[in-house]
Amino acid sequence: MKLSVKILIIVLTTLLCATLLMYSIVGIILLGPSKDASRRLLEKFNESSATSFIPSLYMDKEKADEILNSFDKGEAINTQTVTISIFEDRS
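Residues numbered from 1 in each chain as written. Predicted model: local features only at pLDDT ≥ 70, side-chain atom pairs only at ≥ 80, totals over all residues. Heavy atoms only, no water.

Asker: When you look at the overall build of the protein chain in this model, what are you seeing that I'm missing?
Answerer: Within the protein chain, the regular secondary structure consists of 3 helices and 0 strands. Tracing the protein chain from N to C terminus, the helices and strands come up as α-α-α. Split into buried and exposed, the 91 residues of the protein chain put 16% on the buried side. Across the protein chain, contacts joining residues at least 24 apart in sequence account for 49% of those joining residues at least 6 apart. Only carbon and sulfur atoms are counted for the fraction: they give 64% of the accessible area of the protein chain, which is about 7,800 Å². (Helix = DSSP H or I, 4+ residues; strand = E, 2+ residues; numbered from the N terminus. Buried < 20%, exposed > 50% of the residue type's maximum accessible area, 1.4 Å probe, protein only. Contact = heavy atoms within 4.5 Å. Areas by Shrake-Rupley, 256 points an atom, 1.4 Å probe, with all protein chains shown as cover.)

Below is the structure:
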């Protein structure tokens, strides 16, 4: 075989492996146990029209909407229970 054919085979194999790896990583994040990570990734994909098709590769639109709407946006952190002890006397 010619050298150019071997190089082409190596490049195409590398691209195929990288594509499968990225597809697997996104699938693990979207379908994994963390709903917060799924929601954040879905938000990122929906921000751009160029990537908005990606969630449809893994789930239907109803499932994606359910994940996006499941987050309670009114949830607040109670800052009264947090104590910062930077200036305490440590003698």
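The structure having been displayed, the exposition proceeds.
Asker: So what exactly am I meant to see when it comes to the pattern of salt bridges here?
Answerer: Side-chain pairing between opposite charges can occur once the charged atoms of the two side chains come close. Taken as a whole, this structure holds 4 salt bridges when the rule is applied. Among the salt bridges present, the one from D36 reaches R40, with a minimum N-O distance of 3.1 Å. With D36 and R40 both in helix α2 (residues 35–47), this residue pair falls 4 residues apart, about one helical turn. D36 sits in the partly exposed class, given a relative accessible area of 32%. When the shortest N-O distance is used, the salt bridge between D65 and K61 registers 3.6 Å. (Salt bridge = Lys/Arg side-chain N within 4 Å of Asp/Glu carboxyl O.)

Asker: Can you walk me through the nonpolar core in this structure?
Answerer: Taken as a class, soluble globular proteins show a tendency for nonpolar side chains to be buried jointly. With 11 residues, the main nonpolar core is built from V26, L30, L41, L42, F45, I54, Y58, M59, A64, I67 and L68. For this core, the secondary structure elements donating two or more residues are α1 (3–31), α2 and α3 (61–69). (Core = buried A, V, L, I, M, F, W, Y, C linked by side-chain atoms within 4.5 Å.)

Asker: I would appreciate a short explanation of α2 in the present structure.
Answerer: Helical geometry: 3.6 residues make up each α-helical turn, so side chains three or four residues apart lie on a common side. For α2, which comprises 13 residues, the first-to-last C-alpha distance of 18 Å matches the rise-based estimate of 18 Å (1.5 Å per residue) to within 8%. The set of residues buried in α2 consists of S38, R39, L41, L42 and F45. Residues of α2 that are buried in the fold lie against α1 and α3. (Expected span 1.5 Å × (residues − 1).)

Asker: Honestly, the packing of α1 against α2 in this entry has me stumped. Any pointers?
Answerer: A pair of packed helices can be characterised by two numbers: the angle between their axes and the separation between those axes. Here α1 crosses α2 at 120°, and the two axes come no closer than 7 Å. With respect to α2, the axis of α1 lies oblique. Along the contact surface, α1 presents V26, I29, L30 and L31, while α2 presents A37, S38, L41, L42 and F45. (Axes fitted to C-alpha atoms, helices over the stretch in contact; angles between N-to-C directions. Parallel < 35°, antiparallel > 145°, perpendicular 65-115°, else oblique.)

Asker: I would appreciate a short explanation of the side chain of S38 in the present structure.
Answerer: Looking at where S38 falls in the secondary structure, it is placed in helix α2. We classify S38 as buried; its relative accessible area is 1%. Polar side-chain contacts of S38 include one of 2.9 Å to the backbone oxygen of L30. At 3.1 Å, the side chain of S38 forms a polar contact with the backbone oxygen of S34. Setting aside its immediate chain neighbours within four residues, S38 contacts I29, L30, L31, G32 and I67. (Polar contact = N/O pair within 3.5 Å; in protein donor to acceptor, adjacent residues only side chain to side chain.)

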